[in-house]
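# Structure assessment
Spelled out, the chains give:
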Amino acid sequence: MNESFAHSLTPVIFFGGTVYVNDTLCHADVTVRHGQIVHVGRAKSFRGVRMVDAEGCIICPGWVNAHDHLDLSVYPRLAPNAPYSDGHAWGMDVLGHIANNPKWVALGTIPLERRLAWGVLRNLLHGVTTVSHHNAPPDLATRLKLPIRLHTTRFWVHSVREIRRLHRMAVLAKTLRQPLILHAAEAVSGLATREIAQLFEWGSINDHTILVHAVSASPDELDSIRKKNAALVTCVTSNQLVLGNCADLSAWNGRKIRSGLGTDSPLTAVGGMLDEIQAAVTLGGLSSTDALRWATVGGAQVLRLRVGRLCPGWPADFVVYRARATCAEELVWLRPDQVELVCVRGKPELTIGARKNEMEQLGRTPKSVVVGGNEVWVDSTFADCLGNFNAIHPAGGGTP
Ligand SMILES: [Zn+2]
């Protein structure tokens with residue numbers, strides 16, 4: 001079958017599963033047509049439709065990873081002298097390690113397209129359907145047509161210490177009403193804990209600012225961030241490794257600050273998005289329902305994207321997990337090996353062997369990719385972008 005499923009007018013019904021919608025789990029069928037969700041509930045008719053069996057499965061909205069460095073996905077975790085007082089100290093330490101080790105230097109020479117593709121695969125393996133890529137070049141990342149909903153901006157800053165770049169980016173982003181994403185207050189002690197205060201003094205925070213980390217944000221600073229309607233992204237496992245601590249996420253949540261979860265890069269993160277959801281609960285102090293909300297509509301609100309809900313009229317970005325659960329508390333413990341099918345814009349983009357035929361029937365050309373010894377199936381075009389990553393880096397940098 002060569003017809004593109006995503007653009008087919010024939011509806012597809014994922015039937016018999018449990019659906020996570022509006023913070024609750026319910027038995028429902030999900031009908032998809034033209035890349036959009038058209039119905040969630042008991043399907044009224046099965047005539048003239050394609051059917052996908054979701055019995056024994058949970059269908060969740062695809063996760064929104066609000067902060068990643070896709071091109072750094074080739075590296076393993078590197079924080080030899082953790083914990084550090086702040087992200088700058090970690091950066092200086094790790095840059096030195098990479099520069100002095102030919103193996104790490106070689107990883108940086110892998111073509112950028114391939115590194116970006118590997119970063120996308122890491123996300124798909126955890127059920128992420130939208131990812132915000134921090135680094136340059138955003139235009140290339142977009143041009144590659146990677147099989148995920150990609151958020152990029154030209155206005156990103158690695159460090160508040162890059163003062164000239166920061167001021168230039170802040171002015172341009174504000175003028176053009178574009179998001180400005182910057183790492184800030186990734187710190188537990190020292191000067192970097194003052195970065196958010198500094199940004200307020202410079203007038204650099206507004207409703208288009210997205211601050212990543214904000215570990216040392218004080219209650220007053222959080223109040224000011226809320227007043228400005230700026231957004232925050234936390235990368236819990238990364239902060240925990242680098243700093244030995246993470247932000248008090250209940251303080252963000254209590255103020256109703258637009259907030260999302262990010263994985264940062266595998267240089268510092270543990271695993272992927274499913275690990276971040278768990279860590280937001282176990283370390284960050286969020287309730288399970290709030291953690292799942294931050295991983296979906298929360299992240300979408302940070303990025304100002306219309307994704308993260310399983311509702312009629314919304315994009316068909318969702319994940320089918322082989323799992324049973326009765327409440328959000330159980331959903332938080334989903335694992336990557338339970339992901340059976342990831343759909344972005346209604347297209348199946350990743351599946352396991354058992355559903356390979358369904359991927360084919362839905363208009364794709366599945367090709368296997370081996371990740372950490374396990375086989376998954378992606379569309380052949382994407383598989384060709386990935387190459388044989390295990391052969392390049394057998395240690396499995398960024399092992400999902
Ligand atoms: Zn980052």
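First, a word on what this report is: a plain description of the structure on this page. (Residues numbered from 1 in each chain as written. Predicted model: local features only at pLDDT ≥ 70, side-chain atom pairs only at ≥ 80, totals over all residues.)

## Focus: the overall build of the protein
Put simply, the test is: Each helix is a run of H or I in the DSSP string that is no shorter than four residues. Each strand is a run of E no shorter than two, and both are numbered from the N terminus. Radius of gyration here uses only the C-alpha atoms, and the compact-globule reference equals 2.2 Å multiplied by the residue count raised to the power 0.38. The burial label depends on the number of other C-beta atoms within 10 Å of a residue's C-beta. Counts of 20 or more mean buried, 12 or fewer mean exposed, and intermediate counts mean partly exposed, with C-beta atoms placed from the backbone. The contact rule is simple: place each C-beta atom from the backbone, and if two of them lie within 7 Å, those residues are in contact.
Scanning the protein from terminus to terminus reveals 15 helices and 18 strands. Taking 2.2 N^0.38 as the reference for a compact globule, 400 residues should give roughly 21 Å; the C-alpha atoms of the protein span a radius of gyration of 21 Å, in line with that estimate. Counting only C-alpha atoms, the protein reaches 65 × 45 × 40 Å along its principal axes. Burial analysis of the protein (400 residues in total) assigns 52% to the buried set. A fraction of 71% describes how many contacts in the protein between residues 6 or more apart in sequence connect residues 24 or more apart.

## Quick look at the sheet that holds strand S6 (residues 63–68)
Put simply, the rule is: Any two strands with at least two DSSP-identified bridges between them are counted as paired. Axis definition: a line fitted to C-alpha atoms, limited for helices to the stretch in contact. Angles are taken between N-to-C directions and run from 0 to 180 degrees.
Spatial ordering of the open sheet is given by S6-S7-S8, a layout of three strands whose pairing is parallel. Strand pairing shows two members of the sheet lacking a second neighbour, S6 and strand S8 (149–151), which therefore form its edges. Direction aside, the axes of adjacent strands within the sheet are offset by 20° on average. Direction of pairing for strand S7 (residues 128–133) relative to S8: parallel, over a ladder of three bridges. The partner of Thr130 across the bridge, within S8, is Arg149. The sheet contacts of helix H11 (residues 288–303) involve S6, S7 and S8, and relative to S6 the element is tilted by about 50°.

## So, the packing of helix H8 (residues 236–243) against helix H10 (residues 273–282)
Rule in force here: Each angle receives one of four descriptions, namely roughly parallel if under 35 degrees, roughly antiparallel if over 145, roughly perpendicular if within 65 to 115, and oblique otherwise. Charged residues are taken to be Asp, Glu, Lys and Arg, nonpolar residues to be Ala, Val, Leu, Ile, Met, Phe, Trp, Tyr, Cys and Pro, and polar residues to be all remaining types, Gly included.
The contact between H8 and H10 brings their axes to 8 Å, and the two run at 70°. Between H8 and H10, the interaxial angle falls into the category roughly perpendicular. Judged by residue contacts, Val236, Thr237 and Gln240 of H8 engage Asp275, Glu276, Ala279 and Ala280 from H10. A breakdown of the residues in the contact of H8 with H10 according to their chemical character gives three nonpolar, two polar and two charged.

## Some words on H11
Which entries qualify depends on this criterion: What a helix should span is 1.5 Å times the count of its residues minus one. Here the bend at a residue means the angle between the axes of two seven-residue stretches, the one that ends at it and the one that starts at it.
Between the first and last C-alpha of H11 there are 22 Å, a value that for 16 residues agrees with the 22 Å anticipated at 1.5 Å per step. At Trp294, H11 is bent by approximately 50°, the largest bend along its length. Of all the 16 residues making up H11, 12 are buried; the element is thus mostly covered by neighbouring parts of the structure. Among the residues of H11, those classed as buried are Asp290, Ala291, Leu292, Arg293, Trp294, Ala295, Thr296, Gly298, Gly299, Ala300, Val302 and Leu303. Following H11 by one or two positions, Arg304 has its phi on the positive side, about 55°.

## Some words on unusual backbone geometry
Here the bond from Ala82 into Pro83 is cis, since omega is 0°, no more than 30 degrees from zero. As for its position among the elements, Pro83 is in the loop between S6 and helix H1 (87–99). You will see that His213, though not glycine, has its phi angle at about 95°, which is positive. Relative to the helices and strands, His213 is located in strand S11 (residues 209–213). We classify His213 as buried; it has 29 C-beta atoms within 10 Å. Phi at Lys256 takes a positive value of approximately 55°, unusual for a residue other than glycine. If you trace the backbone, Lys256 turns up in the loop between helix H9 (249–254) and strand S13 (258–261). Judged by local crowding, Lys256 falls into the exposed class, with 8 C-beta atoms found within 10 Å.

## Considerations on the pairing of strand S1 (residues 12–21)
If a strand is regular, its side chains alternate between the two faces of the sheet. Here S1 pairs with strand S4 (residues 50–53) via four bridges, running parallel. In the sheet register, Phe14 faces S4, and the bridge partner there is Val52. Relative to strand S2 (residues 24–33), S1 runs antiparallel, the two sharing eight bridges. Following the sheet pairing, Val21 is matched in S2 by Thr24. Joining the antiparallel neighbours S1 and S2 is a turn of two residues, in which Asn22 adopts a positive phi near 50°.

## Looking at the environment of Ala231
With respect to the helices and strands, the residue Ala231 is situated in strand S12 (residues 231–234). Apart from residues no more than four positions distant in its own chain, Ala231 is found in contact with Ile210, Arg258, Ser259 and Val302.

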